[in-house]
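What follows is each chain in one-letter form.
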Amino acid sequence: MREEEKRSSQDKSKNSFFKKRWVYPTVYIASAAIILTGVLWYQNSASDQLDQSEYKATDMPGKKMNDQPAVEVNRAMENFVMPVVSEDDAVIQMGFYDNDGDSAEQEAALVFYDNTYHPNTGLDIAAKDGKEFDVIASLSGTVKNVMEDAVLGNVIEIEHDKGIVTQYQSVKDYQVKVGDEVEQGQVIAKSGTSLINEKAGNHVHFEIRKDNVPVNPHEYFNKPMSALQDANVTEEKASSDADAGKSEDAVEEDAEGTTPSKKDVEGTTPAEEKPAEDGSDKKDAGQDEDKDAGEDQDSSTDSDTSSNS
């Protein structure tokens, strides 16, 4: 009897619990929360596995694949320009010494310094009014050298690609330092003077070099850097070195053409002798015959004398 009473009391308590209004909504909400949590956890774990499987070595943030600096594409697309703000206000005081140019152009491109003529390895550019002006970068690049030099009038060197640099001599009031990245058209200095070319006055000496060989800047203005990359400048270097350091007398002799070279003197071939038209050959032949006859006569006389004796 007591056990039945206990069971009945428990059933009544359960029924009274489930009859309460908040029981079923609470059960539903709790079940929904558990199911939603499980779904979200499953989706997140699947997404993490997918992302890890699609990652490559190059996608890892902060990972350096190589130490070589990337070459900017816009540098390759740029064209060499004259290192002045306004080309219309500039004038070329002295041109580049071209080994293939005529004698007048070569003579005009010789720099006289320390009693010696030197071929001009760049362009000497000045303002039409003779005043100082801003010197700009002909091409984007990295400043590799800033050097004070009284003879050259100070030097700034900018590297644009492996082996290709531009040099700016006879400058002052530098606005760049070694290691700076400069953009095309950026002001890098002011024009100045130099001892090696005092006649040029206030100017900038501009050079374009490939593998330390100077080339004619006129040939590459308004052309991309790829044009110089494909050029062969080995022979130009040899010719420039051969012409460098001529004395004043040597240059004047070459210009006038009055002094023949050693090769011309030693290698001259004499012209073939032609028979004279005035009969001189016949006369010489006759003299030779008379001479031979006289010798025969003398020999016969001697033989007679010896026989008589």
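The structure reproduced in this document is the subject of the present report.

So, about the overall build of the protein. Scanning the protein for helices and strands turns up nine helices and 14 strands. Counting the 309 residues in the protein, one finds 27% classified as buried. Taking contacts inside the protein between residues at least 6 apart in sequence as the whole, the part at least 24 apart equals 65%. Summed over all atoms, the accessible surface of the protein reaches about 21,800 Å², with 49% contributed by carbon and sulfur.

On the surface, a cluster of nonpolar side chains totalling about 340 Å² of accessible area is made up of Tyr-24, Val-27 and Tyr-28. Counting through the fold element by element, Tyr-24 comes out in helix H2 (residues 23–54). For Tyr-24, a relative accessible area of 42% gives the class partly exposed.

Pairing in this open sheet of three strands is antiparallel, and the strands run E5-E11-E9 from one edge to the other. The open sheet is flanked by strand E5 (134–136) and strand E9 (171–172), the only strands paired with a single partner. With three bridges connecting them, E5 and strand E11 (residues 187–191) associate as antiparallel partners. Within E11, the position partnered with Ile-136 by the bridge is Val-187.

There is a patch of like negative charges on the surface, built from Glu-87, Asp-88, Asp-89 and Asp-129. As for its position among the elements, Asp-88 is in the loop between helix H3 (73–77) and strand E1 (90–94).

The next point concerns the pattern of salt bridges. Across all of its chains, the model carries five salt bridges by this definition. Close ionic contact of Asp-180 with Lys-177 constitutes a salt bridge, the shortest N to O distance being 3.2 Å. Judged by relative accessible area, which is 53%, Lys-177 ranks as exposed. Its salt-bridge partner being Arg-209, residue Glu-207 comes within 2.7 Å of it at the nearest N-O pair.

Before going further, it helps to spend a moment on the nonpolar core. In this structure, Phe-80, Ile-125, Ile-156, Ile-158, Tyr-168, Ile-188 and Leu-228 are the most contacted members of the largest nonpolar core, which totals 33 residues. Elements represented by at least two residues in this core include exactly strand E4 (123–127), strand E7 (155–161), strand E8 (164–169), E11, strand E12 (204–210), strand E13 (213–215) and helix H5 (225–229).

Time to look at the packing of aromatic side chains. Considering all chains together, one arrives at three aromatic pairs under this definition. A centroid spacing of 4.8 Å and a plane angle of 50 degrees characterise the contact between Phe-112 and Tyr-117, whose relative ring orientation is tilted. Centre to centre, the rings of Tyr-168 and Phe-206 are 5.4 Å apart; their planes meet at 50 degrees, and the pair counts as tilted. With Tyr-168 in strand E8 and Phe-206 in strand E12, the pair connects residues that are 38 residues apart, well separated along the chain. Since its relative accessible area comes to 0%, Tyr-168 is described here as buried.

Right, let's get into the pairing of E4. With five of its five residues buried, E4 lies for the most part within the structure. Because side chains alternate across E4, one face comprises the buried residues Leu-123, Ile-125 and Ala-127, and the other comprises Asp-124 and Ala-126, equally buried. Of the strand pairs in this sheet, E1 and E4 are connected by four bridges, and their pairing is antiparallel. Bridge assignment links Val-91 to a residue of E4, and that residue is Ala-126. Direction of pairing for E4 relative to E12: antiparallel, over a ladder of three bridges.

The rules behind each value
Residues numbered from 1 in each chain as written. Predicted model: local features only at pLDDT ≥ 70, side-chain atom pairs only at ≥ 80, totals over all residues. Heavy atoms only, no water. Helix = DSSP H or I, 4+ residues; strand = E, 2+ residues; numbered from the N terminus. Buried < 20%, exposed > 50% of the residue type's maximum accessible area, 1.4 Å probe, protein only. Contact = heavy atoms within 4.5 Å. Areas by Shrake-Rupley, 256 points an atom, 1.4 Å probe, with all protein chains shown as cover. Patch = residues over 30% accessible without salt bridge, like charges linked within 9 Å, V, L, I, M, F, W, Y side chains within 5 Å. Salt bridge = Lys/Arg side-chain N within 4 Å of Asp/Glu carboxyl O. Pairing = 2+ DSSP bridges. Lys, Arg positive; Asp, Glu negative; His and termini not counted. Charge placed at Lys NZ, Arg CZ, Asp CG, Glu CD. Core = buried A, V, L, I, M, F, W, Y, C linked by side-chain atoms within 4.5 Å. Phe/Tyr/Trp six-rings, centres within 6.5 Å; stacked < 30°, edge-to-face > 60°.

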